[in-house]
Amino acid sequence: MSATSYQRIYAAVRRIPRGRVSTYGTIARVAGLAGQARQVGYALSALPAGSKVPWHRVINAHGRLSLERSASGAGITQRLRLVGEGVVVDSAGRVSLDKFGWRTRESQRRAR
DNA sequence: CCACTGACGAGTG
DNA sequence: GCACTCGCCAGTG
C-alpha cells in the first residue's frame, strides 16, 4: 500500500527522542514533504486519541507551543507531557530550540 | 469547481 | 518583535 503523507509524518514524529522537541517544518522535511509544514499540523490534528505518536514534541518554528494559544485543553496536555520529559517550557509556552531542539542529519536546519 | 479554513514557514518592511 | 503577504495542500460546504 502506498504510504500516505500522514503515515510518513507520524513515522517522522515517532523518531523524535524523548526530552526533545522538533518543529512542523522539520518534521515535514524528514517526512519527505519539505515546505508542507501545514500538512504536518493538519495530520497531527487528525490523530486519534491514545495514539502512540508523541505529537506533543512538535512545536512551531518560533519555539512556541502552537496549542498554547488555543482554548482547548490540548495545550495543557502538551505542556505537561513536555515538562514531564524534562523539557523546559516557560510561562509564555516557549521552549529553547537551542537546548531541546532535535538534531539529526535529516532534521538539519539550513545553515545560514 | 470555487471559497474558505487551518496544530505552519519564510520573506519583507 | 510585530503586521502583512505569499506559498503549500487536504478537508469541508
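Residues numbered from 1 in each chain as written. Chains lettered and ligands numbered in written order. Predicted model: local features only at pLDDT ≥ 70, side-chain atom pairs only at ≥ 80, totals over all residues. Heavy atoms only, no water.

Taken as a whole, helix 1 (residues 5-14) has its buried residues at Ile 9, Tyr 10, Ala 12 and Val 13. On an axial view of helix 1, the arc spanned by its buried residues comes to 160 degrees, and they lie on one face. Its buried side turned inward, helix 1 meets helix 2 (24-30), helix 3 (37-45) and strand 2 (58-59). (Buried < 20%, exposed > 50% of the residue type's maximum accessible area, 1.4 Å probe, protein only. Helix = DSSP H or I, 4+ residues; strand = E, 2+ residues; numbered from the N terminus. Arc of directions from axis to C-beta. Contact = heavy atoms within 4.5 Å.)

Let us now look at the protein's contact with DNA strand C. Taken together, the residues surrounding DNA strand C are Tyr 6, Gly 35, Gln 36, Arg 38, Gln 39 and Tyr 42. Sugar and phosphate atoms represent 63% of those atoms of DNA strand C found within 4 Å of the protein. At a separation of 2.8 Å, a base nitrogen of DNA strand C approaches a polar side-chain atom of Arg 38. In this structure, Gln 39 approaches DNA strand C through a side-chain N or O atom, which is 3.2 Å from a sugar or linking oxygen. With 3 residues, the top contributor of residues to the surface near DNA strand C is helix 3. Broken down by class, the residue content of the surface near DNA strand C amounts to 2 nonpolar, 3 polar and 1 charged. (Near = heavy atom within 4 Å. Polar contact = N/O pair within 3.5 Å; in protein donor to acceptor, adjacent residues only side chain to side chain. Nonpolar A, V, L, I, M, F, W, Y, C, P; charged D, E, K, R; others polar.)

Turning next to the protein's contact with DNA strand B. Close to DNA strand B lie 15 residues, the nearest being Arg 38, Leu 44, Ser 45, Trp 55 and Ala 61. Residue Gly 41 places a main-chain N or O atom 3.4 Å away from a base nitrogen belonging to DNA strand B. Those elements that provide at least two residues to the surface near DNA strand B are helix 2 and helix 3. In terms of residue count, helix 3 provides more of the surface near DNA strand B than any other element does, 6 residues in total. Split into classes, the residues belonging to the surface near DNA strand B amount to 7 nonpolar, 6 polar and 2 charged.

With that settled, consider the packing of helix 1 against helix 3. In contact at an axis separation of 10 Å, helix 1 and helix 3 are set at 85 degrees when each is read in the N-to-C sense. Our classification of the angle between helix 1 and helix 3 gives roughly perpendicular. Across the interface between the two elements, Tyr 6, Ile 9, Tyr 10 and Val 13 from helix 1 touch Gln 39, Val 40, Tyr 42, Ala 43 and Leu 44 from helix 3. Of the residues that constitute the contact of helix 1 with helix 3, the class distribution is 8 nonpolar, 1 polar and no charged. (Axes fitted to C-alpha atoms, helices over the stretch in contact; angles between N-to-C directions. Parallel < 35°, antiparallel > 145°, perpendicular 65-115°, else oblique.)

So, on to the environment of Tyr 42. Looking at the element boundaries, Tyr 42 is found in helix 3. Here Tyr 42 falls in the exposed class, since its relative accessible area comes to 54%. In this structure the C-alpha to C-alpha distance between Tyr 42 and Tyr 6, which are 36 residues apart in sequence, comes to 8.9 Å.

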